[in-house]
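What the coordinates show
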Amino acid sequence: MNSTLQDIESRIQEAKAALGAAQSGGDPALLQALHGEFTPALGNYLAGLEASRQAGRKNLECEAIKGVATLQHNLGNYQEAAKYFLRALTLERELGDLAGEAGVLGSLGQVYLEMGDYAGAAQLHRDALTIARETDDREGQARTLSHLGAAYRRLGRTVEAIAFHQQALEIVSELGQRQTQATVLENLGYAYVAQGNL
């Protein structure tokens, strides 16, 4: 079986696992989001947010806030997404969850990128990269380096963008993540095109 077919089958298995986890874990919002039912999912995340807040369960409150933020991002409501991601960032810091903090910084960086605040996006991704390096999260480093490359490309700083994508490519190659390699190579190609290297 060729690697492309294996990658597709792997993605199908991951989607089935996420769907099964949502069904068995009783997470109706995640289940609805996986089915593209964003409006009902948003309502469920907001209800979960209120319930976790009333119960004083900050970790669950944070997860609900991230769910709302992600859905707002997917719906193109970037200002709302940023607002919720900033709330999640505050909670992640209060909880002392470095991995969670890095994830939220990266997600917020992507929202800033969508809003056209490329310098802000780059700063958020640099902060996420610092945490990923401190915690030796190689996958997080690769993802964040690629996001940094995208932000720097949009800032017109293509030499640095290419360097970030090359670093990301090195890590995902070491980790054997062929699907991610393809994405990083695509982003690297965009950076070369932006530089004028066709």
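In this convention, every chain numbers its residues from 1, walking through the sequence in written order. In view of the model being predicted, local features appear only for residues whose pLDDT reaches at least 70, and side-chain atom pairs are presented and counted only at 80 or more, with totals across whole chains, interfaces and linings using the full set of residues. For side-chain calculations, the full set of non-hydrogen atoms in the structure is used, while hydrogens and water are omitted.

Let's talk about the overall build of the protein chain
- Here a strand is any run of E in DSSP of at least two residues, a helix any run of H or I of at least four, and the numbering for each starts at the N terminus. Across its full length, the protein chain carries 10 helices and 0 strands.
- Scanning the protein chain from its N terminus toward the C terminus, one meets helices and strands in the order α-α-α-α-α-α-α-α-α-α.
- Taking all 198 residues of the protein chain together, the buried fraction comes to 36%.
- Whether two residues touch is decided by their heavy atoms; if any such pair falls within 4.5 Å, the residues are in contact. Long-range contacts, defined as pairs at least 24 residues apart, comprise 44% of the intrachain contacts of the protein chain with a sequence gap of at least 6.
- Surface accessibility follows the Shrake-Rupley procedure with a 1.4 Å probe radius. Residue values consider only the protein chains on display as shielding. In the form shown here, the protein chain has an accessible surface area of approximately 10,600 Å², with 51% of it arising from carbon and sulfur atoms. Using a 1.4 Å probe on the protein chains alone, a residue whose accessible area is under 20% of its type maximum counts as buried, one over 50% counts as exposed, and one in between counts as partly exposed.

Here's the deal with the packing of helix α4 (residues 58–74) against helix α5 (residues 78–95)
- Helix axes are fitted to C-alpha atoms over the stretch in contact, other axes to C-alpha atoms as well, and angles between N-to-C directions run from 0 to 180 degrees. Between α4 and α5, the shortest axis-to-axis distance is 8 Å and the interhelical angle comes to 155°. As far as their axial angle goes, α5 and α4 are roughly antiparallel. Both α4 and α5 take part in a crossing whose hand is left-handed. Along the contact surface, α4 presents Lys-58, Asn-59, Glu-61, Cys-62, Glu-63, Ile-65, Lys-66, Val-68, Ala-69, Thr-70, Gln-72 and His-73, while α5 presents Tyr-78, Glu-80, Ala-81, Tyr-84, Phe-85, Arg-87, Ala-88, Leu-91, Glu-92, Glu-94 and Leu-95.
- The classification used treats Ala, Val, Leu, Ile, Met, Phe, Trp, Tyr, Cys and Pro as nonpolar, Asp, Glu, Lys and Arg as charged, and all other residues, Gly among them, as polar. Of the residues belonging to the contact of α4 with α5, the class tally is 11 nonpolar, 4 polar and 8 charged. For classification purposes, angles smaller than 35 degrees are called roughly parallel, those larger than 145 roughly antiparallel, those between 65 and 115 roughly perpendicular, and all remaining angles oblique. In a left-handed crossing the near helix is turned counterclockwise from the far helix by less than a right angle, and in a right-handed crossing that turn is clockwise.

A few points about the packing of helix α7 (residues 118–134) against helix α8 (residues 138–154)
- Remark: α7 packs on α8, axes separated minimally by 9 Å, with the N-to-C direction vectors making an angle of 160°. By the criterion of interaxial angle, the relationship of α7 to α8 is roughly antiparallel. The hand of the α7/α8 crossing is left-handed. Contacts between α7 and α8 pair Tyr-118, Ala-121, Ala-122, His-125, Arg-126, Ala-128, Leu-129, Ala-132 and Arg-133 from the former with Gly-140, Gln-141, Thr-144, Leu-145, His-147, Leu-148, Ala-151, Tyr-152 and Arg-154 from the latter.

A closer look at the confidence of the model for the protein chain
- Per residue, pLDDT measures the predictor's confidence, with a range of 0 to 100. When pLDDT is averaged across the protein chain, the result is 86; 83% of the residues are at 70 or more.
- Taken as a whole, residues 10–26 scores under 50 in pLDDT and shows 12 contacts with residues more than four places along the chain or in a different chain.

Structural notes on α5
- To estimate the expected span of a helix, count its residues, drop one, and scale the result by 1.5 Å. When the terminal C-alpha atoms of α5 are compared, their 25 Å separation across 18 residues agrees well with the 26 Å that a helix rising 1.5 Å per residue should span.
- Along α5, the residues classified as buried are Ala-81, Ala-82, Tyr-84, Phe-85, Ala-88, Leu-89, Leu-91 and Glu-92.
- Among the residues trailing α5, Gly-96 stands out with phi positive, at a value near 75°.

What about the side chain of Glu-101?
- Residue placement: Glu-101 occurs in helix α6 (residues 98–115).
- Among all residues touching Glu-101, those that are not within four sequence positions of it are Leu-89, Glu-92, Arg-93 and Ile-131.

Notes on the pattern of salt bridges
- The term salt bridge refers to a side-chain nitrogen of Lys or Arg lying within 4 Å of a carboxyl oxygen of Asp or Glu. In the structure shown here, the tally under the stated rule is 9 salt bridges.
- Residues Glu-61 and Arg-53 are paired through a salt bridge, measuring 3.5 Å at the closest nitrogen-oxygen approach.
- On the basis of relative accessibility, which here comes to 35%, the residue Arg-53 falls in the partly exposed class.
- The shortest N-O distance in the salt bridge between Glu-101 and Arg-93 comes to 2.9 Å.
- Exposure remark for Arg-93: the relative accessible area of 47% places this residue in the partly exposed category.
- Counted as one network, the salt bridges with shared partners bring together Glu-50, Arg-53 and Glu-61.

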